[in-house]
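Each chain is listed here by its residues.
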Amino acid sequence: MIKIFTNNTNRLHGLDHLRAIAIILVMIFHYGRGIPDWLEPIKRIGWTGVDLFFVLSGYLIGFQLLKEFKGNSKINLKRFYMKRLFRIVPAYLAVLILYYSLGSLREGSGLPPLWKFLTFTQNYGLDSQTQKSFSHAWSLCVEEQFYLLMPISIILFFQTRLQKLAPYFMLTLIGVGILLRIYNWNEFVQPFIESGSRRLMVQGLLEKVYYPSHNRMDGLIVGVLIASIFNFKPGWQAFLSKYGNISLLLGLILFLLAYQVCESILSFKAMVYGLPLISLAYGFIVIGAISPTSILYKLKSRFTFVIATLSYAIYLSHKQVYHFVKIWVTDIDNGFIQQNVFWICLILAVIGGLILHLFIEKPFMKLRDQLLIGSEKKQEARGKLILNYIKNIWR
């Protein structure tokens, strides 16, 4: 296990716990029909695991970029995009190849055009009735679009000396998202509620309210706001870090409130007001997870470390695993297996994620590191050559 998973001594264990929770929530939600009765309350809110991923991504990417700009007054865009490319794309393409080459592993009715997957624009214009296969990749589209725009936005705000307005701009984006969700609900969801067409109501909700990136900025923005505080507001950071457990408690209280608001994912209040409330709740929980005083920060767990490491690979492949198991168990007349499909799916999803991690993710991450180190050495050598040339001129 130690050889397979390399643990960084600087790793934030609190964030590992949250990544593990996020992917488990997602799997419980997607494996919903076969879960034990005692997991039903968690299934109802399992879809928010994606929102937790959004807050984590907003914080981690935002903190990394803001820290780099604060230290160097610039962002190495080539390095950033290269790191994201090697982290996200290889495993994504591997799973995409499986979807297109093995039709029996498709869990839904069909696939969107390939170009939408390759351009990470699948979450716009997605037909939720006829393009259900690999539909969960919509959240990767949101994150990839965020990765594309975030470094450019930081550079623009600082170059135009408008960085002090950035927090107000981000809060405005959350407000605009709420207004857009209200508008889209009234235009594309409410008419079908009134006509009694549940199928068209769900289709309108998913395609016009739930999937589009401009409606799902809440979690990412909350994460970036936390990253901004921890980079540029040392006084606030010290205060928040001092009360890590209180932040966790406040986040849990807000989450319980959000649970009441979001009791049904198909409700107006969940889609309009529940999304920012969930993101705010997860935001406080993330603050607690990165605060040295909190129990979540101090707690170390090999289990959550492994699940967190595999979380992306599991997310990509877990629906294919579920579909495969459902096909497999239909021909098996075994009561024990039939009653434990959910647990079999969980175990096989972790195994599938492990295979994807070992054979795709890890080799490409090593290649990325080698390329980055090689590029840095070339730049260093080039810099020395230029410096020596200048010295020779002035001799």
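Let us look at the structure shown here. (Residues numbered from 1 in each chain as written. Predicted model: local features only at pLDDT ≥ 70, side-chain atom pairs only at ≥ 80, totals over all residues. Heavy atoms only, no water.)

1. Quick look at the overall build of the protein chain
Going by this rule: Per the convention used, a helix needs a DSSP run of H or I reaching at least four residues, while a strand needs a run of E reaching at least two, with both numbered from the N terminus. The atom set for the radius of gyration is the C-alpha atoms, and the globule formula is 2.2 Å times the number of residues raised to the power 0.38. Only protein chains enter the accessibility calculation, which uses a 1.4 Å probe; a residue whose area is less than 20% of its type maximum is buried, one above 50% is exposed, and one in between is partly exposed. For accessible areas, the Shrake-Rupley method is used with a probe of radius 1.4 Å. Any residue's cover is judged against the shown protein chains and nothing else. For the charge count, each Lys or Arg is scored as positive and each Asp or Glu as negative, with His and the chain ends excluded. Working definition for charges: the position is that of NZ of Lys, CZ of Arg, CG of Asp or CD of Glu.
The helix and strand tally for the protein chain stands at 17 helices and zero strands. Here the C-alpha radius of gyration of the protein chain, 23 Å, is about what a compact globule of 395 residues would show, namely 21 Å. Projected onto its principal axes, the C-alpha coordinates of the protein chain cover approximately 85 × 45 × 45 Å. Every one of the 395 residues in the protein chain was classed for burial, and the buried ones make up 49%. Here the protein chain has roughly 20,400 Å² of accessible surface; of this, 66% comes from carbon and sulfur atoms. On the protein chain, the mean spot of the 41 positive side-chain charges and the mean spot of the 20 negative ones are 13 Å from each other.

2. Describing a nonpolar patch on the surface
Keep this limit in mind: Patches here: salt-bridge-free residues with over 30% relative accessible area, like charges joined within 9 Å, nonpolar side chains (Val, Leu, Ile, Met, Phe, Trp, Tyr) joined within 5 Å. A pair is scored as a salt bridge if a Lys or Arg side-chain nitrogen falls within 4 Å of a carboxyl oxygen belonging to Asp or Glu.
A cluster of nonpolar residues, Leu93, Tyr100, Leu114 and Leu118, forms a patch on the protein surface that exposes about 320 Å² of accessible area. The topology assignment puts Leu93 in helix 4 (residues 77-101). Under the relative-accessibility criterion, Leu93 is labelled partly exposed at 34%.

3. Some points on helix 1 (residues 13-30)
Put simply, the rule is: The span one expects for a helix is its residue count, reduced by one, times 1.5 Å.
Over its 18 residues, helix 1 extends 26 Å from the first C-alpha to the last, a length consistent with the 26 Å expected when each residue adds 1.5 Å. Burial within helix 1 is extensive, with 14 of its 18 residues counted as buried.

4. Thoughts on the environment of Asn186
Structurally, the position occupied by Asn186 is in helix 7 (residues 166-188). Note on Asn186: relative accessible area 41%, which makes it partly exposed. Each C-alpha atom of the pair Asn186 and Phe268 lies 9.4 Å from the other, and the pair is 82 residues apart in sequence.

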